[in-house]
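For reference, the chains in residue letters:
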Amino acid sequence: MENKVTIAILASGTGSNAKALLEKAAQLNQVEVACVITDRAKAGVIEVADVAGVECKVITSKNCGGDRARQEQMVTDYLKQKKVDWVFLAGYMKVLGSNFLAAFKDEALGVNRVVNIHPSLLPSFKGANGYKDAFEYGVALSGVTVHLVSEELDDGPIIAQASFTRGVDDSLSDFMANGLKLEHQLYPDVMEKLLTSKFKVHRTGDARLRVVLEG
Ligand code: GRF
């Protein structure tokens, strides 16, 4: 019998990236989506998971008496109980701590099996407002980055980036729409390659790693 790779998607918002990932996963025989997890009781992603027929577990900090560490532990325990191999963050607005990352460390590869999409060309414009910060800076070119998650915020090994130009008359919402369109193409494509082992981890400098996709 074919070995399946089990994944989970964590999201806090609308869930448009979660939707793109779920649609791609449905086309991949070797991939099973164990669950979607959200930390927001009214997140749009709950409906997205429902439409895809995937369980959505809501684990908010409020459920845990406002204790962020306990919330993260509950998420970790749930993912372990579901035997999740890879975690895909799709607009999950909590920074994950070292215990969570250690639970998904791939010792052989020396990286965490936790993937994120960030709305800028890293290492520029790290943080929660990538599109807004890049737009307000006045960039002529921006983009999106898919990377592995490390303990430093938005600093893990880069897997793939895609760019778009900013038109002189573009509003922030045009800018964000252009970026989101790219996210929805890039993230599922990267997910497929990672889950079908079409990648290698390269050391690019003394300390930095880079994931190179194949094919
Ligand atoms: C995306 O822009 C993603 O890059 C960022 O959060 C946003 C989530 O959007 N991390 P959605 O919920 O997937 O529509």
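One structure accompanies this document, and this report is about it.

Attention shifts here to the site of the ligand. Close to the ligand lie Gly 13, Thr 14, Gly 15, Ser 16, Asn 17, Gly 91, Ile 117, Pro 119, Tyr 131 and Glu 183. Between the ligand and Thr 14 there is a distance of 3.3 Å, counted from an oxygen atom to a backbone nitrogen or oxygen. The separation between an oxygen atom of the ligand and a polar main-chain atom of Asn 17 is 2.8 Å. In the complex, 83% of the free accessible area of the ligand, which totals 360 Å², lies under the protein chains. Taken together, the residues of the shell around the ligand break down into 3 nonpolar, 6 polar and 1 charged.

Bringing the packing of helix 5 (residues 130-137) against helix 6 (residues 172-195) into the picture now. Each packed pair of helices is defined by two parameters, the angle between the axes and the distance between the axes. Between helix 5 and helix 6, whose axes approach to 10 Å, the crossing angle comes to 130°. Judged by the inter-axis angle, helix 5 sits oblique to helix 6. For the element pair helix 5 and helix 6, the recorded crossing hand is right-handed. Facing Tyr 131, Lys 132, Ala 134 and Phe 135 of helix 5, the residues of helix 6 in contact are Leu 172, Phe 175, Met 176, Gly 179, Leu 180 and Glu 183. Looking at the contact of helix 5 with helix 6, its residues break down into 7 nonpolar, 1 polar and 2 charged.

Side chains of strand 4 (residues 86-89) alternate between two faces, with Trp 86 and Phe 88 and Val 87 and Leu 89 buried alike. Pairing geometry for strand 1 (residues 5-11) and strand 4, over 4 bridges, is parallel. Bridge assignment links Ile 9 to a residue of strand 4, and that residue is Phe 88. Of the strand pairs in this sheet, strand 4 and strand 7 (residues 114-118) are connected by 3 bridges, and their pairing is parallel. Note on strand 7: the bridge partner recorded for Val 87 is Val 114.

Quick notes on the rules
- Residues numbered from 1 in each chain as written.
- Predicted model: local features only at pLDDT ≥ 70, side-chain atom pairs only at ≥ 80, totals over all residues.
- Heavy atoms only, no water.
- Near = heavy atom within 4 Å.
- Polar contact = N/O pair within 3.5 Å; in protein donor to acceptor, adjacent residues only side chain to side chain.
- Areas by Shrake-Rupley, 256 points an atom, 1.4 Å probe, with all protein chains shown as cover.
- Nonpolar A, V, L, I, M, F, W, Y, C, P; charged D, E, K, R; others polar.
- Axes fitted to C-alpha atoms, helices over the stretch in contact; angles between N-to-C directions.
- Helix = DSSP H or I, 4+ residues; strand = E, 2+ residues; numbered from the N terminus.
- Parallel < 35°, antiparallel > 145°, perpendicular 65-115°, else oblique.
- Left-handed = near helix turned anticlockwise from the far one by under 90°.
- Contact = heavy atoms within 4.5 Å.
- Buried < 20%, exposed > 50% of the residue type's maximum accessible area, 1.4 Å probe, protein only.
- Pairing = 2+ DSSP bridges.

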